[in-house]
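Tertiary structure, described
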Amino acid sequence: MSAGKLNEQAKGVYIIAATPFTEEGALDLQSVDSMTDFYLGCGVNGFTLLGMMGEAHKLSPDESLTVVKRVAARAQGRQIIVGVSHAGLENVRRLAHEAMTADAAGVMVAPPPGLKGDDGVYSYYAQLFKELGPDIPVVYQDYPQSTGIYLAPAVFERLVDDFPQLVMLKHEDCPGLAKLTRVREGEKKPGRRRVSILVGNGGLYLPQELRRGADGAMTGFAWPEMLVQVCDLFAAGRAEEAEDLFDIYLPLVRHEQQIGIGLALRKEVLFRRGAIRSPKQRAPGSSLTATDRAELDGLMARLERRLAAAGKSARLAAE
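Model, not experiment: these values are computed from the prediction. (Residues numbered from 1 in each chain as written. Predicted model: local features only at pLDDT ≥ 70, side-chain atom pairs only at ≥ 80, totals over all residues. Heavy atoms only, no water.)

1. Topic: the nonpolar core
Side chains that are nonpolar tend, in soluble globular proteins, to be buried together. One finds Tyr39, Phe47, Val107 and Tyr249 to be the most contacted residues of the largest nonpolar core, which totals 95 residues. In this structure Tyr39 touches Ile15, Ile16, Ala17, Ala18, Val44, Phe47, Pro224 and Leu270, once residues within four positions along its chain are discounted. Ala10, Tyr14, Ile81 and Met108 belong to the second-largest nonpolar core, a separate cluster that totals twelve residues. (Core = buried A, V, L, I, M, F, W, Y, C linked by side-chain atoms within 4.5 Å. Buried < 20%, exposed > 50% of the residue type's maximum accessible area, 1.4 Å probe, protein only. Contact = heavy atoms within 4.5 Å.)

Dropping the structure here:
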């Protein structure tokens, strides 16, 4: 069962979960189970399902709900956020209510392409909150590299002031450090709520974002235990130690961010680590060449050597 509804105090790592498929392209529920166990073994604080890197657009509505229910039944009380972005507002409303019925703690919504300016962004979310009602917690997914929609800090502040069901910013603008600082500075004004901010982009800028006031990460890097440990170290006031650990994994964080094959790399690592039975993406999807796999071999071997040299355990979380 879910550990209550999402709120402004959410922190830590909410893993963007992959969606496992068989070699034939069918939804692989056995791998959904093993993947959930793998993420739990890595220490994640919550799950984000049906995100952009979760191939949500390739699932039928029934498959989407099946994934949510399957993870919720196995998540040991971790909160679950469900991506419900859609071009049609009625579809967002229906998906959001179905997700909450399936034991989600909240929903995540990205702005649809084509919104015009700051007023267009504000008006869309005002309509969205009216449709969803006051009882569904909402995460604003700010990923302009994909949506083409820029979220100005002043617009986000207006939305926070006017709609209490907006409890989190999924911050994925790039470059976005100045925006993160601006939002946190704006929250110091009398009467303004402080909302949760979890960051994405594969964790590429995680240490700097944590220093600027982020509460954690919402991304799908295939070594979630690193994200967890870095966030925990920062929370314990051991920022330099956190950065040292992050640096060991940085070549793989960067490598996974490649446009076009990033998801293929992520699923390949999850497959190698025993989390899923196949790295297959549902068509259309990318695939790795022999050279890509050889590069990954070298990077993973290098990671193990550097962890060993630093006195860190290289034991896989899935073992």
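2. As for the environment of Ile16
Mapped onto the secondary structure, Ile16 falls in strand E1 (residues 12-16). Look at Ile16 and you get buried, because its relative accessible area is 8%. On a C-alpha basis, the gap between Ile16 and Met52 in space is 8.9 Å, while along the polypeptide they are 36 residues apart. Ignoring any residue separated from it by four or fewer positions in sequence, one finds Ile16 in contact with Tyr39, Thr48, Met53, Lys170, Met218, Thr219 and Gly220. (Helix = DSSP H or I, 4+ residues; strand = E, 2+ residues; numbered from the N terminus.)

3. Quick look at the packing of helix H10 (residues 239-256) against helix H12 (residues 290-309)
How two helices pack is summed up by the angle between their axes together with the distance between the axes. Across the interface, H10 lies against H12 with an axial gap of 9 Å and an inter-helix angle of 165 degrees. When the axes of H10 and H12 are compared, the pair comes out roughly antiparallel. In terms of crossing hand, the pair formed by H10 and H12 is left-handed. Residues Asp247, Ile248, Tyr249, Pro251, Leu252 and His255 of H10 touch H12, and the partners they reach there are Glu295, Leu296, Leu299, Arg302, Leu303, Arg306 and Leu307. A per-class count over the contact of H10 with H12 returns eight nonpolar, one polar and four charged. (Axes fitted to C-alpha atoms, helices over the stretch in contact; angles between N-to-C directions. Parallel < 35°, antiparallel > 145°, perpendicular 65-115°, else oblique. Left-handed = near helix turned anticlockwise from the far one by under 90°. Nonpolar A, V, L, I, M, F, W, Y, C, P; charged D, E, K, R; others polar.)

4. Focus on the sheet that holds strand E3 (residues 79-83)
Here we have eight strands rolled up into a closed barrel, ordered E1-E2-E3-E4-E5-E6-E7-E8, and parallel in their pairing. Sheet contacts for helix H9 (residues 224-235): E1 and strand E8 (216-217); angle to E1, the most-contacted strand, approximately 160 degrees. (Pairing = 2+ DSSP bridges.)

5. A word on the pairing of strand E6 (residues 166-171)
Along any regular strand the residues' side chains alternate between the sheet's two faces. Extensive coverage of E6 is indicated by the burial of six of its six residues. By the bridge criterion, five bridges tie strand E5 (residues 138-142) to E6 in an arrangement that is parallel. Pairing of Asp142 across the sheet is with His171, part of E6. Pairing between E6 and strand E7 (residues 196-199): four bridges, direction parallel. Counterpart to His171 in the pairing with E7 is Val199. Considered for its hand, the β-α-β crossover made up of E6, helix H7 (residues 177-186) and E7 is right-handed. (Right-handed = clockwise from strand over helix to strand, strands pointing away.)

6. Some details on helix H1 (residues 29-41)
Helix length check: H1, at 13 residues, gives a terminal C-alpha distance of 18 Å against a target of 18 Å (1.5 Å per residue), a fit within 8%. Among all positions of H1, only Ser31, Val32, Asp33, Met35, Thr36, Phe38, Tyr39 and Leu40 are buried. Taken together, the buried residues of H1 touch E1, strand E2 (46-49), helix H2 (61-72), H9 and helix H11 (262-272). The opening residue of H1, the one whose side-chain oxygen lies 3.2 Å from the backbone nitrogen of Gln30, is Asp28. (Expected span 1.5 Å × (residues − 1). Polar contact = N/O pair within 3.5 Å; in protein donor to acceptor, adjacent residues only side chain to side chain.)

7. As for the environment of Ser196
Along the chain, Ser196 turns up in strand E7. Expressed as a C-alpha distance, the spacing of Ser196 and Val139, which sit 57 residues apart in the sequence, is 9.1 Å. Beyond its immediate sequence surroundings of up to four residues, Ser196 is in contact with Asn7, Glu8, Ala10, Val167, Met168, Leu169, Arg184 and Asp215.

8. Focus on the packing of H1 against H2
It is the contact of H1 with H2, at a shortest axis distance of 10 Å, that shows an interaxial angle of 40 degrees. Our classification of the angle between H1 and H2 gives oblique. Relative to H2, H1 is oriented so that their crossing is right-handed. Between H1 and H2, the residues in contact are Leu29, Val32, Asp33 and Thr36 and Thr66, Arg70 and Val71, respectively. A breakdown of the residues in the contact of H1 with H2 according to their chemical character gives three nonpolar, two polar and two charged.

9. A word on the packing of aromatic side chains
Tallied over the full model, the rule gives nine aromatic pairs. An aromatic cluster is defined as three or more aromatic residues linked by ring pairs; in this entry it consists of Tyr122, Tyr124, Tyr125, Phe129, Tyr140, Phe156 and Phe163. A cation over an aromatic ring shows up here: Arg158 above the ring of Tyr122, its NZ or CZ 3.8 Å from the ring centre. (Phe/Tyr/Trp six-rings, centres within 6.5 Å; stacked < 30°, edge-to-face > 60°. Lys NZ or Arg CZ within 6 Å of the ring centre and 35° of its normal.)

10. A closer look at the environment of Gly186
Checked against the element boundaries, Gly186 lands in helix H7. Remark: the alpha-carbon pair of Gly186 and Ala154, spanning 32 residues in sequence, is separated by 8.5 Å.

11. Details of the side chain of Glu55
The topology assignment puts Glu55 in the loop between E2 and H2. When its relative accessible area of 1% is taken as the criterion, Glu55 is described as buried. In this structure the side chain of Glu55 is engaged in a polar contact, spanning 2.8 Å, whose partner is the side chain of Lys267. Not counting chain neighbours up to four residues away, the residues in contact with Glu55 comprise Thr19, Phe21, Leu263, Lys267, Gln281 and Arg282.

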